[in-house]
Amino acid sequence: MRALGWPGLLVIGAYLAGVLTLGFRFARRQTSTEEYFMARRRIPGWAMGISLFASIITSITFIAYPGNAYAGNWAELVSGMMAVVAIALVGLAIVPFFRRRVRMSAFEFFEQRFGPGVRTYAAITYAACHCAKMAFVIYLVALTVHSLAGWPLPAVIGAVGLATVAYTWAGGMAAVIWVDVTQAFILAAGIAISVGFLGWLTPGGPAAGLRLAWHARKLSLGLLTWDPAAKSVWVMAAYGIFWYLQRYTTDQMIVQRYLVARSDRDAVRGVALGALLCVPVWALFLLIGTLTWSYYRLTGEPVAPGLKADEMYPHFLLTHVPSALAGVLLAALFSAAMSGLSSDFNSMAAVGVQDFYGKLRPSATDRDRLAAGRGFVILAGSVCTATAFLLSRSPGAALPLYFLATSVLSGGLFGLFCLAYFTKRATSAGAAAGIVACLSFTLWAVLTAGADRRLDLGAANFAWNSLLIGAIGQGVVVAVGYPASLMFSGRRPAASPPAARPCPPAR
């Protein structure tokens, strides 16, 4: 494999310099936690929506989606389409609700309903799930850069983590959002270059590539079977709807976007825009993976032995795209990774300050809280980067591992939200019972699921697809938590629970 030439290196250098410069331009404004985490709640809806879109489209999409389409089909698009369904179900009600009930952390609502213990559990679960997600993001961008440029994998992992922490630490949420907007356009350029080159170089053009893929069932959305053990349309839809309902109701990164918008209307429009932009982009990345598969089948061009499916698209770029354009593609990859990372670093720092530091030091000044927030950005970056080092040693494709990790680590947060939001009789004791039942079910299912199960209980093994573990866990929280609330005493909300001050209007 040839190394990335100097034109590509110049493009990447210019991109990184531009991102860091833009991020550090906001550093002087970061004088309070309201500015650092909430950007003074002055972000227009369109910018918030594009930022949300850029944060969701990470290097997992950029590399793992083409890799999965290369190895399989388009089944992952089914789960992605559930994002639009989820926001259609909850957007008009949930977005204004959060803007009136919480000030900074999505988990403040859990304390209002069930007390500080449930809030702490939710915050820890969120942190664990997003650490896993961010580690996948860093690992995949490093894997691709390693394939394209020949740079050492550990060095790239460290560089991506360090650069993202630097501008997030300096510029806060305002830097995150406006850098995201810039990075979204770089991402669009990378998609256009990839699809253009694949269509141009494939013998017979994109029509021939799609025709071959169609006959090989590479464009299938999955099996239309009710078998819960198969990776069917229904399994992917169930995974997707519960995953995105959880994200839009308990994901600090998304709830924080609700809060930074100038008005309720801007917030609803922004989150809808973010969801609507994601679905066609997911489809384009799956198309890239399918056309890559068709290209190698139609040309018969040999590839180096031992390449993973996740590495085939980067291999095509390395061997067929000129250095300068390869640099643009790498910049697009960096933008996909860093936009998601910066959002999560800032949101995890907000959780650290609001849900942990503020509880341990209630008398801390806002200046102390701001310093703690910057420290939490560094801590989140360090933990996720270290986890990415461990992932780089794992075998197999990344996307199935990512889906399993996010499904298992969801912790039943959406089920907990349903108990808190839709019922008045649910108590803290019921919520605790639901959490214990969910964790017990998840432990049993993870240990007994799949062909390589850790524990074989025979007929008592979890026989369904492992992607359903998280979705079923949400139902377990409600199915156990509500009856337990009726049976046991515990904290219940007041008739009219105190709401947080509403988000102030933009000046």
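Okay, so let's go over this structure. (Residues numbered from 1 in each chain as written. Predicted model: local features only at pLDDT ≥ 70, side-chain atom pairs only at ≥ 80, totals over all residues. Heavy atoms only, no water.)

Scanning the chain from N- to C-terminus turns up 19 helices and zero strands. Its C-alpha radius of gyration of 23 Å places the chain within 12% of the 23 Å reference for a compact globule of 507 residues. The C-alpha extent of the chain, read off along each of the three principal axes, is 70 × 60 × 40 Å. Evaluated residue by residue, the chain yields a buried proportion of 60% over its 507 residues. Intrachain contacts of the chain at a sequence separation of at least 6 include 86% that bridge at least 24 residues. Of the roughly 19,300 Å² of accessible surface on the chain, a fraction of 68% belongs to carbon and sulfur atoms. Looking at charge distribution, the chain has the averaged site of its 39 positive side-chain charges lying 6 Å from that of its 19 negative ones. (Helix = DSSP H or I, 4+ residues; strand = E, 2+ residues; numbered from the N terminus. Rg over C-alpha atoms; globule rule 2.2 N^0.38 Å. Buried < 20%, exposed > 50% of the residue type's maximum accessible area, 1.4 Å probe, protein only. Contact = heavy atoms within 4.5 Å. Areas by Shrake-Rupley, 256 points an atom, 1.4 Å probe, with all protein chains shown as cover. Lys, Arg positive; Asp, Glu negative; His and termini not counted. Charge placed at Lys NZ, Arg CZ, Asp CG, Glu CD.)

When you line up the elements, A64 lands in helix 4 (residues 59–71). Note on A64: relative accessible area 0%, which makes it buried.

Let's shift gears to the nonpolar core. One broad rule of soluble globular proteins: the nonpolar side chains tend to lie buried together. Counting 161 residues, the largest nonpolar core has Y248, W282 and L416 as the members making the most contacts within it. The element contributing the most residues to this core is helix 8 (residues 153–201), with 20 residues. Not counting the four nearest positions on each side in its chain, L416 is found in contact with F110, F114, V118, Y121, A431, I435 and V477. (Core = buried A, V, L, I, M, F, W, Y, C linked by side-chain atoms within 4.5 Å.)

Describing an aromatic ring pair means giving the distance of the ring centres and the angle of the ring planes. All told, the structure shown has 26 aromatic pairs when counted by the stated rule. Aromatic pair Y244 and W282: ring centres 6.1 Å apart, planes at 50°, arrangement tilted. Of the two residues, Y244 sits in helix 10 (residues 233–250) while W282 sits in helix 12 (residues 264–299), which places them 38 residues apart along the sequence. There is no split in this pair, since Y244 and W282 are both buried. Seen from their ring centres, W444 and F462 are 5.7 Å apart, and the 85° between their planes marks the pair as edge-to-face. Residue W444 is found in helix 18 (residues 428–448), and its partner F462 is found in the loop between helix 18 and helix 19 (468–487); the two are separated by 18 residues along the sequence. With a relative accessible area of 30%, W444 lands in the partly exposed category. The rings of F97, F98, F107, F109, F110, Y126, Y258, F417, Y421 and F422 are connected pair by pair, giving a single aromatic cluster. (Phe/Tyr/Trp six-rings, centres within 6.5 Å; stacked < 30°, edge-to-face > 60°.)

A separate point is the pattern of salt bridges. One pass over the structure, following the stated rule, counts 12 salt bridges. Here D264 makes a salt bridge to R100, at a shortest N to O gap of 2.4 Å. Highlighted residues: D264 in helix 12 and R100 in helix 5 (residues 75–101), separated in sequence by 164 residues. When its relative accessible area of 39% is taken as the criterion, R100 is described as partly exposed. Among the salt bridges present, the one from E111 reaches K359, with a minimum N-O distance of 2.8 Å. Within this pair, whereas E111 is found in helix 6 (residues 108–114), its partner K359 is found in helix 14 (residues 323–360), the two being separated by 248 residues in sequence. Residues joined in a network through salt bridges with shared partners are E111, R119, D355 and K359. (Salt bridge = Lys/Arg side-chain N within 4 Å of Asp/Glu carboxyl O.)

At A39, a residue that is not glycine, the phi angle is positive and equals roughly 50°. What makes A39 buried here is its relative accessible area of 6%. Although it is not a glycine, R40 sits at a positive phi angle of roughly 55°. Structurally, R40 can be placed in the loop between helix 2 (33–38) and helix 3 (45–56).

Nothing here speaks to function; it is geometry throughout.
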